[in-house]
Amino acid sequence: LLHSRIVLNEASTGAGIYGAESAVLDLFDCVISLNCAEKGAALGLVRGESATLSHCTVAGNASWKGGALYLFDIKEASISDSIIYWNAGGSFALSPETLLKVSHCCTPENIPYLVEGNISARPKFAGWRRDQVFIRASATGLADGSEQAPFSSVEQALKAYSLSLA
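A quick note: this is a predicted structure, and the numbers were derived from the prediction, not measured.

What counts and what doesn't
Residues numbered from 1 in each chain as written. Predicted model: local features only at pLDDT ≥ 70, side-chain atom pairs only at ≥ 80, totals over all residues. Heavy atoms only, no water. Pairing = 2+ DSSP bridges. Helix = DSSP H or I, 4+ residues; strand = E, 2+ residues; numbered from the N terminus. Axes fitted to C-alpha atoms, helices over the stretch in contact; angles between N-to-C directions. Phe/Tyr/Trp six-rings, centres within 6.5 Å; stacked < 30°, edge-to-face > 60°. Buried < 20%, exposed > 50% of the residue type's maximum accessible area, 1.4 Å probe, protein only.

J.: Can you help me understand the sheet that holds strand β2 (residues 10–13) in this one?
T.: Whether parallel or antiparallel, the strands of a sheet pair through hydrogen bonds between backbone atoms. Spatially, the three strands line up as an open sheet ordered β2-β6-β10, and their pairing is parallel. Here the strands that pair on one side only, and so sit at the sheet edges, are β2 and β10 (62–66). Neighbour-to-neighbour, the strand axes of this sheet turn through a mean angle of 5°, independent of strand direction. As paired strands, β2 and strand β6 (residues 36–39) are joined by three bridges and run parallel to one another. From the neighbouring strand, Glu10 faces β6, where its bridge partner is Cys36.

Below, the structure written as structure tokens:
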């Protein structure tokens, strides 16, 4: 899947996306949010071949038995340059057979399969009710990122948090 938005789904396993029996899942630049399942609210992959998530946001999903990402008996799973945060029931649920590598991601858990370059700081999403950062191109004057005093550009917002795109 490329450049997709997967929201507001319900299922017993893998409400957002479900794959089984030798499935291969590749996601790039996707948002998986506001899904609800017993296991794997955002993604459920059972006895699959592999899963790859890159440049994805997985946030605001709810699972009561097994994480936003439920990976059971998967040969290989890789998540990179993604945000996996604010998921009820945790971010990951894995079987011992699953080989998971997480790199350059933002996730709250301090887990052994975090490979390199990961952070656990809370992300700030534009337009979300919690920790909102507002950007409006027509904004002028002093800006703090609030709805009343939005930043005029992404660069201005990043600079306010001592960050850059470089």
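J.: It is not clear to me how the pairing of β6 should be interpreted in this structure. Could you clarify?
T.: Regular strands have side chains that alternate between both faces of the sheet. Pairing of β6 with β10, which is carried by three bridges, proceeds in the parallel orientation. Paired with Cys36 across the bridge in β10 is Ala62.

J.: What is the right way to read the packing of aromatic side chains from this model?
T.: Aromatic ring pairs are reported here in terms of the distance separating the ring centres and the angle at which the planes meet. The tally for this structure, following the rule as stated, stands at two aromatic pairs. Their ring planes at 5° and their centres at 6.3 Å tell us that Tyr70 and Phe72 sit as a pair that is stacked. Ring centres 5.1 Å apart and planes at 75° place the aromatic pair Tyr85 and Trp86 in the edge-to-face group. Judged by its relative accessible area of 6%, Tyr85 falls in the buried class.

J.: How should I be thinking about the sheet that holds strand β11 (residues 69–72) in this particular structure?
T.: Across the sheet, four strands lie side by side as β3-β7-β11-β14; this open sheet has parallel pairing. Each having just a single partner strand, β3 (17–20) and β14 (92–94) make up the two edges of the open sheet. Neighbouring strand axes in the sheet, compared pairwise and without regard to direction, differ in orientation by 5° on average. Bridge analysis of strand β7 (residues 43–46) against β11 gives four bridges, and the strand direction is parallel. Paired with Gly44 across the strands is Tyr70, a residue of β11.

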